[in-house]
Amino acid sequence: MSIVSIDGLTKRFGGVIAVDRVSLDIGGGEFVALLGPSGCGKTTTLRCVAGLESPDEGTIRLGAGTVVDRSRRYELPPHKRDIGMVFQSYALWPHMSVIQNVSYPLRLKRQRKQAARAKAMEALELVGLGNYASRSVSALSGGQQQRVALARALVREPSVLLLDEPLSNLDAALRTQMRGELKRIHEQTGSTMVYVTHDQEEAVSMSDRIAVMHDGRAVQIGTPREVFDSPSARWTAEFLGYENILPGLVGAAADGHARVRPDGWDTSLTCTRTAGCAAGDRVWLAIRSTAIVFDHSDSVDRPNRLDVKVLRSTFLGTATEHEVDAFGSRLVAKQIVGGGRPAAPQGADAVVWIEPDQIALIPAKDEPATAERAAAELAAAKGRVS
Ligand SMILES: Nc1ncnc2c1ncn2[C@@H]1O[C@H](COP(=O)(O)OP(=O)(O)O)[C@@H](O)[C@H]1O
Ligand SMILES: [Mg+2]
């Protein structure tokens, strides 16, 4: 059963559509990330769930109860919703001690002091701050303050925890450590978590599912694998770091195999991630730079072997990035240091090959419909392949 159910959620600020018909069901105990670039509507979506923002359209259910139903002009006030929230800024009371901060939500609910303190201690133990109860929060490091904020959100044992970029004020090492901690707390408490981030690694490493957001819309929802391996739109592929995106035409498709000819090429590529494409469909071929591999073998029967010219090689420390020309298209091939023999030198001819299941086909008909946008994207693609 879903614990959070968002249906047709829309929120406008003047002329800006911050959230555009978002629908999302989140199951009990699930960890779901809202992932997208700055300004795509992640925070606004979360604030609508929390009741800090009043949506223009849609319904939101938490557990069995409806908390927002715009068609009936119904909204449950935030303090009556069974949620906890953690913000990027910790929003702690600087003049209070750690335990006073954490027990505050319970005191607000008129719990007796001793009971509230006992609960707060439990929450502090959970986040690893059992020994810091009597400290002043202003004497704590950023990472510790974030844990206090987390403990304060957990203390009421909310059925849903909403987290808005909670780690972005921490330095890189601490962020990685806190990811592990959050995952542990998620497993230990079994609580449902909705986690807003623009950081792909964060989303992938912690989430059961990811909702990718773009321009206020949830453009793709799936497991990290589904989303990363099979982006459903060109924008998503670009956002998720596919360096090579070529326009092409499906020549034949059957039994989970497709032959697809990138525009301007003399040859077709074999693809096994066909995304339901049929012969005659216009598609984008999305290929990660690491999937274009230099082939020093004589295995002529290997699929997707291409004669290329190495245009430029750049050493990046842990990898070398090669720009190669294939049938007039400029491709980026990245070779991890230690990942096989070096490529041919700059200016030389070489052979690369692409594993058929490393090419994600994206139906081009699903692209944003406006003519200008389509033209701009095509121009961008041409720039890349010329
Ligand atoms: N209170 C507000 N008033 C006006 N515009 C807002 C307000 N809050 C958010 N927006 C706009 O709504 C869009 C989505 O913002 P937000 O949800 O904060 O994005 P994200 O969290 O993904 O960075 C942005 O264009 C932002 O400028
Ligand atoms: Mg935000």
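These figures come from a predicted structure and were not determined experimentally.

Caption draft 1: Expanded view of the sheet that holds strand S5 (residues 65–69). On the basis of which strands lie adjacent, the open sheet formed by 5 strands has the order S2-S1-S4-S5-S6 and antiparallel pairing. Edge positions in the sheet fall to strand S2 (16–27) and strand S6 (74–75), since each has one partner strand and no second. Judged from the 4 bridges that link them, strand S4 (residues 57–62) and S5 form a sheet pairing that is antiparallel. By the bridge assignment, Thr59 is partnered in S5 with Asp69. Sheet contacts for helix H1 (residues 42–50): strand S1 (2–13), S2, S4 and S5; angle to S1, the most-contacted strand, approximately 120 degrees.

Caption draft 2: Up close: the layout of surface pockets. Estimated volume of the largest pocket: approximately 600 Å³. Lining the largest pocket are 18 residues, with Ile83, Met85, Pro105, Leu108 and Arg156 sitting closest to its centre. Elements represented by at least two residues in the lining of the largest pocket include exactly strand S7 (83–86), helix H2 (98–108) and helix H4 (142–154). Here the residues of the lining of the largest pocket sort into 12 nonpolar, 2 polar and 4 charged.

Caption draft 3: Structural view of the domain arrangement of the chain. In terms of domains, the chain is made up of domain 1 (2–229) and domain 2 (234–385). Each of domain 1 and domain 2 was reduced to a C-alpha centroid, and the two centroids are 38 Å apart. At the interface, 13 residues of domain 1 touch 9 residues of domain 2. Carbon and sulfur atoms supply 58% of the area buried between domain 1 and domain 2, which totals about 880 Å² over both sides. Taken together, the connections running from domain 1 to domain 2 amount to 0 salt bridges. Counting across the interface, domain 1 meets domain 2 through 5 residue pairs in polar contact (both at pLDDT 80 or more).

About the cut-offs
All residue numbers refer to positions counted from 1 along the written sequence of the respective chain. To label them, take the chains in the order written and letter them from A, then take the ligands in the order written and number them from 1. Two thresholds apply to this predicted model, a pLDDT of at least 70 for residue-level local features and 80 or more for giving and counting side-chain atom pairs, whereas whole-chain, interface and lining totals are computed over all residues. To obtain the side-chain values, all non-hydrogen atoms of the structure were included, while hydrogens and water were left out. Two strands are counted as paired when DSSP detects at least two bridges linking them. Helix numbers and strand numbers start at the N terminus; a helix is a DSSP run of H or I with at least 4 residues, a strand a run of E with at least 2. Two residues form a contact once any of their heavy atoms are found within 4.5 Å. Lines are fitted to the C-alpha atoms to define the axes, a helix being fitted only along its stretch in contact, and any angle between axes, read from their N-to-C directions, falls within 0 to 180 degrees. With a 1 Å grid spanning the protein atoms alone, the term cavity applies to any set of points in which a 1.4 Å probe fits but cannot get out, the term pocket to an open set with protein on both sides within 12 Å along at least five of seven lines, and the term lining residue to any residue with an atom within 4 Å of a point. Grid points are joined across faces, edges and corners, and a volume is the space filled by probe spheres set on the points. When residues are grouped by polarity, Ala, Val, Leu, Ile, Met, Phe, Trp, Tyr, Cys and Pro land in nonpolar, Asp, Glu, Lys and Arg in charged, and all others, Gly among them, in polar. Segmentation into domains, and thus their bounds, comes from an automatic or database assignment. Accessible area that two parts lose when put together, evaluated with a 1.4 Å probe and summed over both, is termed the buried area. Only one rule defines a salt bridge in this text: a Lys or Arg side-chain nitrogen within 4 Å of an Asp or Glu carboxyl oxygen. Polar contacts here mean pairs of N or O atoms no more than 3.5 Å apart (in protein, one a potential hydrogen donor and the other a potential acceptor; neighbouring residues in sequence count only if both atoms are side-chain atoms).

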